[in-house]
Amino acid sequence: MLLPLLRPAQLSLRAALLLFLVTVGACAGETSGPSAASEDYRVVSMTSELTHPWAIAFLPDDSMLISERPGRLRIFRDGALQPDPVPGLPAITAIGQGGLLDLALHPDFEQNRWLYFTYAASMDNGVTTRLARARFVDDRLHDVEVLFTAEPASRGGRHFGSRIVFDRDGYVFVSVGDRGDMPRAQRLDDHAGTIVRLHDDGRVPEDNPFVGRGDVLPEIFAYGVRNPQGMALHPQTGVLWEHEHGPRGGDEINIIEAGLNYGWPVISHGIDYSGAPIGDGIREKEGMEQPLHHWTPSIAPSGMAFYRGDAFPDWEGDLLVGALAHRHLARLSFDAGNEVVSEVRMLEAWGSRIRDVRVRDGLIYVLTDHDPGELLRIEPAGKP
């Protein structure tokens, strides 16, 4: 099977080599797992002019907002990346893995124009993950409001998270990394290593699981997570799914439920980078949740979306996960009991770190975490 590779007019030597490699990869199937098969798709590079892009948000007119980790918000419109960044962002601290991170539109964006974004922000005692919103009007940000700041801030540039998801009831969920300080993920007076749930204006919902406990931060919805860089709602159940980086092995997919402890760092399917055990050196413990699926060795997952659409009907309901370390896009199929029955690795021949994945009108959009970074579209090979 031929997998066409479409590029802008200036076809570089690298692009020409990738044309060959991706075609070979497609013929080989680019797959793993018990029911792997070749896929009939092609990859279109829409732009290769981004700098460490992190997230995509689709506007109602099918334009895209794209965050760049160094602290810029870009517009992709009418087939081209607009030359000037969107003005109006607050001060953003680009340090290590931190910077401008995820993007999400309010469910009523067409009426209120609220764009939500997470970013690394400097405070007197260090740097932390912050959620803000602003009105996107006339290609500018207006009326910036900080809705949530993860406390306490800390030094260093690791494990900020962070993804944003609105559920069907209009609540907004934000994932916060453990900031590279493992024990913090088990502390309920600390936002690090948690999933936070808020009203759309930043207020704490009264039915959050720990509201009323003086020793717990009320924004916390679930805890015991490491560095969650993927979240998505299941298209049938509306339940929140999350994935997170493990250390050496133990990347996890979890179903997030109110008040549950996901175990990091007490239990893990991975080991420390030094080779030493993590936490108690065990994989299970009463009162701590097991992952739905885990990767060992680690693929370093980032970005997550459920596939829905007519372009690839056989993929309906599959989970798409970007991989930074293993440089591919994973497509996982599940049975009725949420057991993984197959895992297909796409884009391996592309050789790029995959930072984000989104689905729009049945087509799949991917960001590569490089400088220059690319915006890719996956579409049926026979698409005109």
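Up top you'll find the structure we're talking about.
Residues numbered from 1 in each chain as written. Predicted model: local features only at pLDDT ≥ 70, side-chain atom pairs only at ≥ 80, totals over all residues. Heavy atoms only, no water.

Novice: Please set out the pattern of salt bridges residue by residue, giving values where relevant.
Specialist: According to the stated counting rule, one finds 22 salt bridges in the structure shown. For the salt bridge of D62 with R360, the shortest nitrogen-to-oxygen distance reads 2.8 Å. In this pair, D62 sits in the loop between β3 (53-58) and β4 (64-68) while R360 sits in strand β23 (residues 354-360), placing the two residues 298 residues apart along the sequence. We classify R360 as partly exposed; its relative accessible area is 23%. Here E316 and R308 are joined by a salt bridge, their closest N and O atoms 3.6 Å apart. According to the relative accessible area criterion, E316 is partly exposed, its value standing at 36%. (Salt bridge = Lys/Arg side-chain N within 4 Å of Asp/Glu carboxyl O. Helix = DSSP H or I, 4+ residues; strand = E, 2+ residues; numbered from the N terminus. Buried < 20%, exposed > 50% of the residue type's maximum accessible area, 1.4 Å probe, protein only.)

Novice: Account for unusual backbone geometry, with residues named and values stated.
Specialist: For the peptide bond that leads from G161 to S162, omega is 10 degrees, which places it in the cis range. With respect to the helices, strands and loops of the structure, S162 is situated in the loop between β10 (140-149) and β11 (164-166). Residue P297 follows T296 across a cis peptide bond; omega there is 5 degrees. Along the chain, the position of P297 falls in the loop between β18 (293-295) and β19 (301-306). With phi around 45 degrees, H52 is a residue other than glycine that occupies positive phi space. The residue H52 is located in the loop between β2 (41-50) and β3 in this model. Taking relative accessible area as the criterion, H52 reaches 23% and is therefore assigned partly exposed. Its identity as a non-glycine residue notwithstanding, N338 has a phi of 65 degrees, on the positive side. A relative accessible area of 23% means that N338 is categorised as partly exposed.

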